[in-house]
Amino acid sequence: MLERIREGSTGYTAKAILGLVILTFVFAGVGTYNNSVDTSVAIVNGEKITQQQFETAYRNQRARMEQQYGEMFAQLANNDVYMQSLRTNVLEQLINEELMDQQVAELKIKVGDEQIKQAIRTMPEFQVDGQFNNDRYIMLINQADFYQPSAFRDYLRTDMARRQLQSGVMATEFSLPYQHQLAVKLGNQSRDVRYATIASEPFKATVTVEDSEISEYYEANKNNFAVAEQVKLQYVALDIAKLRAESDITDADVEMYYEDNKASYSTDERRRASHILIEFADDEAAAEQQAQDLLAKIQAGEDFAELAKAHSADTFSGENGGDLDWFDRGVMDPAFEDAAFALTMDNAVSGVVKSDFGFHIIKLTDIEEVKTKEFAEVADEIREQLVTDQALEKFYAMQGEMATIAFESPDSLDEVAIVANAQVQTSDWISRANNPAPFNNSSLVEAAFSDEVMLDSLNSDVIEVASDEMVMVVRLAEHKPAATKPLAEVSAQISEQLIAKKASEAAKAAADELVAAVNSGSDSASLLAANNAEFVEVKALARNSADVDRNIASQAFTMAHPSSESASVASTVLQNGDYAVIQVQAVNEGSVEELDERMKQMQMSQLAQSALESYVANLKEKSEITRNLTSAPAPLY
């Protein structure tokens, strides 16, 4: 068999087939056979937005929302429609950023190295005790997946350039006085209304729910009864509080630091002096002679302060008798300073001193000697500083060792625990939201449910769970997949929800009937009595009034002005499922006597944001954008 294949491969037919294959490679390229399919989520004017970019942005946005919404986010995450909308919004944001970056390049907006350096040094995230700390800087950017400082600088350069463009666009918007007055007038508007509440609770006794309805609701809303995926983690924690408690700083260390840094606890000598200044003007010799004449008068007993008021070219100090207040070394002109600090209280008046400003006569009026705090005054402060410095030094050093060991020995935390001088501990069950501290940290949760930890059973990187206070390395201990509660467990809950829904619908029907009666001018008293309701009148209702349900106030200010031809009546649902029938009886114009500066700023902010949105929308309209939603990742969680 093999022999026949070998012989056949040398025939004309085989050679022709081989030739066609070779031609295919020549014209199509070898890459056609082994290239992966394009998985970009969008293409903006020829620039691709990769799936990896999308996944990173999606994870970050999800983490922000978990932190913002807390328990509520678990319900949102179970809603496929909402999460699909979230992914679409993330994609659109990436497209917007790409368009802005392209505009930055076209407009040649640049951010210099010095600007970036200054921005990094002033970021509070990278500071310790108010000072930039390079170790913390490196640690944090590494945790953010910037393993080279140059990569973080490039990211920051892009972000700062993008912000410059955004600021420039937003700064083009402005608000005219009449617009501000109109906004204030509308904001201060009030309305006279009356409303009646149709309670839903009485209708609950009149509605029934069948088992089939419960089953149907359960099948249609299974996501609402999902039990979130959970994990238990093994972890090693490095806590700076423990390192502080283990400090070996001694009294001798504290005293030695005091002696070595005594100057830090001392005040410099300060002097207070007065002077008379004669400027050079056009004749330096004449100026010097005038100064000598004044010095002679002082030595003869004339009052220094009066002479300063009459003759000093330094009119500001001259008005105060020449007084210059207190000053340290390094503040005054060198020649002036040398002369002032050479004086004593027994020899308090200098000769004529020449400086860059002219000729001076200086009078020493007071001396504040060097003062050094006693060791007992600062011992506790020094000890606290030394303990903190020692703990931070160990903290950063041990973090680095933990990161190395966790990576080199990824299948166990035992060696990491040795480095951290800690125990391997196990957490309770944790989910993606609503965990107790420190497991509510978004970076820790993201790591816990990452592929590396959950699927590959590897150690995590070092995770900062409290700024400059605690870091952790975690690994998976147990995993509990997401599940759906059985119908029997949630049947009563569904029944209550359906009863409340039907009761609210019945209240709505009653409210609609009442609206129709008021609009037609027919007798509404019987309808009010049947629903145990009555109209309550509210005069001068404000937009943000706390006197009525928020939904009533909101609805009242969206309704038309009443007229002689038609009443202004509508209904709205309240937060508890009841319905309110609202009638606007009068609209009271707002006052513009006091223009609210805060409202003006809010209006300007809204206009500026609108300008930016219009700018981006215009860029989109002029651009060639392909959205590959089918290639966008499925929900990550």
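Residues numbered from 1 in each chain as written. Predicted model: local features only at pLDDT ≥ 70, side-chain atom pairs only at ≥ 80, totals over all residues. Heavy atoms only, no water.

**Student:** Lay out the overall build of the protein in plain terms, naming residues and giving numbers.
**Tutor:** Counting secondary structure elements, the protein contains 25 helices and 21 strands. Burial status across the protein gives 35% buried among its 637 residues. Put simply, 72% of the contacts in the protein that link residues at least 6 apart link residues at least 24 apart. Of the roughly 37,700 Å² of accessible surface on the protein, a fraction of 49% belongs to carbon and sulfur atoms. (Helix = DSSP H or I, 4+ residues; strand = E, 2+ residues; numbered from the N terminus. Buried < 20%, exposed > 50% of the residue type's maximum accessible area, 1.4 Å probe, protein only. Contact = heavy atoms within 4.5 Å. Areas by Shrake-Rupley, 256 points an atom, 1.4 Å probe, with all protein chains shown as cover.)

**Student:** Outline the sheet that holds strand β21 (residues 625-627), listing residues and values.
**Tutor:** What the three strands build is an open sheet, ordered β2-β1-β21; its pairing is antiparallel. Both outer strands of the open sheet, β2 (47-49) and β21, are each paired with one neighbouring strand and no more. Along the sheet, successive strands turn relative to each other by an average axial angle of 15 degrees, direction set aside. Two strands pair when backbone bridges link them, and strand β1 (residues 42-44) and β2 are joined in this way by three bridges, in the antiparallel orientation. When the sheet's bridge partners are listed, Val44 is paired in β2 with Glu47. (Pairing = 2+ DSSP bridges. Axes fitted to C-alpha atoms, helices over the stretch in contact; angles between N-to-C directions.)

**Student:** Describe in detail the nonpolar core, supporting the description with residues and values.
**Tutor:** Within the largest apolar cluster, 59 residues are counted, with the highest numbers of intra-cluster contacts made by Ile95, Phe126, Phe152, Leu156, Val236, Met402 and Val416. Examining the composition of this core, we find that nine residues originate from one element, helix α6 (residues 80-106), more than from any other. Beyond its immediate chain neighbours, meaning those up to four positions away, Leu156 contacts Ile116, Ala119, Ile120 and Met123. (Core = buried A, V, L, I, M, F, W, Y, C linked by side-chain atoms within 4.5 Å.)

**Student:** Report on the sheet that holds strand β7 (residues 230-239), specifying residues and quantitative values.
**Tutor:** In space, the four strands of this open sheet follow the order β14-β7-β16-β15, with antiparallel pairing throughout. The sheet is open, and its two edges are formed by β14 (425-426) and β15 (463-466), each paired on a single side. As defined by bridge partners, β15 adjoins strand β16 (residues 470-480) across three bridges and the pair is classed as antiparallel. Directly across from Ala466, in β16, lies its bridge partner Met470.

**Student:** Let's hear about the environment of Asp154: which residues, and what values?
**Tutor:** Inspection of the secondary structure assignment puts Asp154 in helix α9 (residues 149-170). Sequence separation between Asp154 and Ile116 is 38 residues, and the spatial gap between their C-alpha atoms is 9.2 Å.

**Student:** Please provide a residue-by-residue account of a negative patch on the surface, values included.
**Tutor:** A cluster of acidic residues, Asp145, Asp451, Glu452, Asp456 and Asp461, forms a negative patch on the protein surface. As for its position among the elements, Asp456 is in the loop between α21 (451-455) and β15. When its relative accessible area of 47% is taken as the criterion, Asp456 is described as partly exposed. (Patch = residues over 30% accessible without salt bridge, like charges linked within 9 Å, V, L, I, M, F, W, Y side chains within 5 Å. Salt bridge = Lys/Arg side-chain N within 4 Å of Asp/Glu carboxyl O. Lys, Arg positive; Asp, Glu negative; His and termini not counted. Charge placed at Lys NZ, Arg CZ, Asp CG, Glu CD.)

**Student:** Please set out helix α17 (residues 334-342) residue by residue, giving values where relevant.
**Tutor:** Every buried residue of α17 is accounted for by Phe336, Glu337, Ala339, Ala340 and Phe341. On the buried face of α17, the contacting elements are β9 (270-278), β10 (323-327), β11 (349-355) and β12 (358-368). The N-terminus of α17 is capped by Asp333, whose side-chain oxygen sits 3.0 Å from the backbone nitrogen of Ala335. (Polar contact = N/O pair within 3.5 Å; in protein donor to acceptor, adjacent residues only side chain to side chain.)

**Student:** Can you break down the environment of Gln299 residue by residue, with the values?
**Tutor:** Inspection of the secondary structure puts Gln299 in helix α14 (residues 284-299). For Gln299, a relative accessible area of 63% translates into the label exposed. Residues Gln299 and Val349, spaced 50 residues apart in sequence, show a C-alpha to C-alpha distance of 8.7 Å.

**Student:** So, the confidence of the model for the protein: which residues are in play, and what are the values?
**Tutor:** Low pLDDT means the predicted atomic positions in that stretch should not be read closely. On average, residues of the protein carry a pLDDT of 85, and 90% of them reach 70 or more. Summarising per-element confidence for the protein, the mean pLDDT is lowest in helix α1 (residues 2-8) (36) and highest in β14 (96). When the criterion is pLDDT under 50, residues 1-36 qualifies, and its contacts beyond four places in sequence or with other chains add up to seven contacts. Segment residues 631-637 is flagged for pLDDT under 50; beyond a separation of four residues in sequence, or across chains, it makes 22 contacts in the model. (pLDDT = per-residue confidence, 0-100.)

**Student:** Break down the pairing of β9 for me, citing the residues and quoting the values.
**Tutor:** With respect to burial, β9 is a largely interior element, seven of its nine residues being buried. Two strands pair when backbone bridges link them, and β9 and β12 are joined in this way by nine bridges, in the antiparallel orientation. Counted as the bridge partner of Ile276 is Ile361 from β12. Note: β9 against β10, three bridges, orientation antiparallel. Bridge pairing links Ser274 to Asp323 in β10.

**Student:** So what's going on with the packing of aromatic side chains? Which residues, and what values?
**Tutor:** Counted according to the given criterion, the structure contains 14 aromatic pairs. Aromatic pair Phe152 and Tyr155: ring centres 6.2 Å apart, planes at 35 degrees, arrangement tilted. Here the residue Phe152 and the residue Tyr155 both occupy positions in helix α9, the gap between them amounting to three residues, near one helical turn. These aromatic residues form a ring-pair network of at least three members: Phe126, Phe132, Tyr137, Phe152 and Tyr155. The ring of Phe341 carries Arg329 above its face, with NZ or CZ at 4.1 Å from the centroid. Geometry around Trp429 places Lys480 over its ring, the cationic atom sitting 4.4 Å from the centre. (Phe/Tyr/Trp six-rings, centres within 6.5 Å; stacked < 30°, edge-to-face > 60°. Lys NZ or Arg CZ within 6 Å of the ring centre and 35° of its normal.)

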